[in-house]
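What follows is each chain in one-letter form.
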Amino acid sequence: MLLRTFGWSMGVTVLGLVFAAWVWGWEAFGVVLILSVLEISLSFDNAVVNAGILKRMNPFWQRIFLTVGVLIAVFGMRLVFPVVIVAISARVGPVEAVRLAVDDPDRYEALVTDAHPAIAAFGGMFLLMIFLEFILAEREITWLTWVERPLARLGRIDLLAPCTALIVLLVAATTVAGQAHVSTGHADKAATVLLAGVAGLVTYLAVGGLSSHFEHRIEAEEEREHEEERRARAGGGRPVAALAGKAAFFLFLYLEVLDASFSFDGVIGAFAITNHIFWMALGLGIGALYVRSLTVYLVRQGTLDDYVYLEHGAHYAIGALAVILLVTIRYELNEVVTGLVGVVLIASSFLASVRRNRALAAAGEAPTGP
């Protein structure tokens, strides 16, 4: 079962890592590997959410999501989206950005370095909002209870997450960005950081609003479907299949929006590790394939994973990457060390989940998720 589900992803991983080492060297091998692990860890909750929704769809729409959806996820968000970010930030066309990355890497690196404050501010705010929305929400199961419970109580205050994010942005713009201006002699980056950070915040709110819109449409369609099913059993009403198809279509759209929103954190977080768009696309693409395989596995098994702290670890990794991005507006951090921060947090949450399951088994209780 595992080999059949993950075999394709494993094969692509081997080919991708060999290709990276052969073309770019061992540094690229390490960065691609870290990006793959990062994408898998940050998107673990994505796979769980996808599986929970995907199992409500019929086999046809499941195949559509796992085929067409893979193309959108791998080639759209993991390959095209990083190029678009670089093109917008560096004020060049997408084709020109790719040409520079291939033919003139020094010029490309200079453009990306110059655009890095905008990229870091945009991504830092987007990732910070993901982390804040998670850490300020009340939940039954907590990992670092001494931190999560008090913050969850604070989270009852309306609009606390965006207000906190804006305060962090103001601090970054007036301290980190301002100090970078003084130390380098370049044009003041404070306005750039503020504008890009607000854009990241607005993007997060827009994606969240679109996801909520589709979720409400799905609930409305499912309610209509249940009503039509009751009428059909009574001998009247329209065919149930048409409404089921419409509900499945909204589920498909909702899943694509969710998948795109989840992929933002991996793509933006990757800029904290490397500016090389091909390393980024290869590493994130490999990770995306594993996420899809994990989604299929969860659907076919009919159960969700018992490692309940992994979601916490993933969101702490997102929070760490948000801080790292903001810090890199001024300070240069080693790519491998930066990537390992997320890996360590995920590994810690995994080991904590294992210990929890063993303790529950020893007490005669079945491990259960939230």
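Nothing here was measured: the structure is a model prediction, and the numbers come from that model.

**Q** I'd like a rundown of the pattern of salt bridges, residues and numbers included.
**A** Summed over all chains, the structure comprises two salt bridges. For the salt bridge of Arg 99 with Glu 96, the shortest nitrogen-to-oxygen distance reads 2.8 Å. One end of the pair, Arg 99, and the other, Glu 96, are both in helix α5 (residues 94–103), three residues apart, so they sit about a helical turn from each other. Since its relative accessible area comes to 30%, Glu 96 is described here as partly exposed. When the shortest N-O distance is used, the salt bridge between Glu 138 and Arg 156 registers 2.5 Å. On the criterion of sequence distance, the pair formed by Glu 138 in the loop between α6 (105–135) and α7 (145–154) and Arg 156 in the loop between α7 and α8 (160–184) is long-range, its members being 18 residues apart.

**Q** Could you give an account of helix α12 (residues 310–327), with specific residues and numbers?
**A** Given a rise of 1.5 Å per residue, 18 residues ought to cover 26 Å, and the 26 Å separating the end C-alpha atoms of α12 matches this to within 8%. When you tally the buried positions in α12, you get 15 out of 18 residues, the bulk of the element.

**Q** Run through the packing of aromatic side chains, naming residues and quoting values.
**A** Applying the stated criterion across every chain, the model contains six aromatic pairs. Taking the centre distance of 5.3 Å and the plane angle of 70° together, the rings of Trp 26 and Phe 29 count as edge-to-face. Taken together, the positions of Trp 26 and Phe 29, both in helix α2 (residues 26–42) and three residues apart, correspond to about one turn of that helix. Classification of Trp 26 as exposed rests on a relative accessible area of 67%. Classification of Phe 29 by relative accessible area gives partly exposed; the value is 25%.

**Q** Go over unusual backbone geometry with me, naming the residues and quoting the values.
**A** With a phi angle near 60°, Leu 159 is a residue other than glycine that sits in the positive phi range. Mapped onto the elements of the fold, Leu 159 is located in the loop between α7 and α8. Judged by relative accessible area, Leu 159 falls into the exposed class, the value being 61%.

**Q** Break down the side chain of Ser 353 for me, with residues and values.
**A** Residue position: Ser 353 is located in helix α13 (residues 335–362). According to the relative accessible area criterion, Ser 353 is buried, its value standing at 0%. Within the structure, Ser 353 has its side chain in polar contact with the backbone nitrogen of Tyr 309 (distance 3.0 Å). With sequence-adjacent residues up to four places away left out, Ser 353 is seen in contact with Tyr 307, Val 308, Tyr 309 and Leu 310.

About the criteria used
- Residues numbered from 1 in each chain as written.
- Predicted model: local features only at pLDDT ≥ 70, side-chain atom pairs only at ≥ 80, totals over all residues.
- Heavy atoms only, no water.
- Salt bridge = Lys/Arg side-chain N within 4 Å of Asp/Glu carboxyl O.
- Helix = DSSP H or I, 4+ residues; strand = E, 2+ residues; numbered from the N terminus.
- Buried < 20%, exposed > 50% of the residue type's maximum accessible area, 1.4 Å probe, protein only.
- Expected span 1.5 Å × (residues − 1).
- Phe/Tyr/Trp six-rings, centres within 6.5 Å; stacked < 30°, edge-to-face > 60°.
- Polar contact = N/O pair within 3.5 Å; in protein donor to acceptor, adjacent residues only side chain to side chain.
- Contact = heavy atoms within 4.5 Å.

In short, geometric facts, not functional conclusions.
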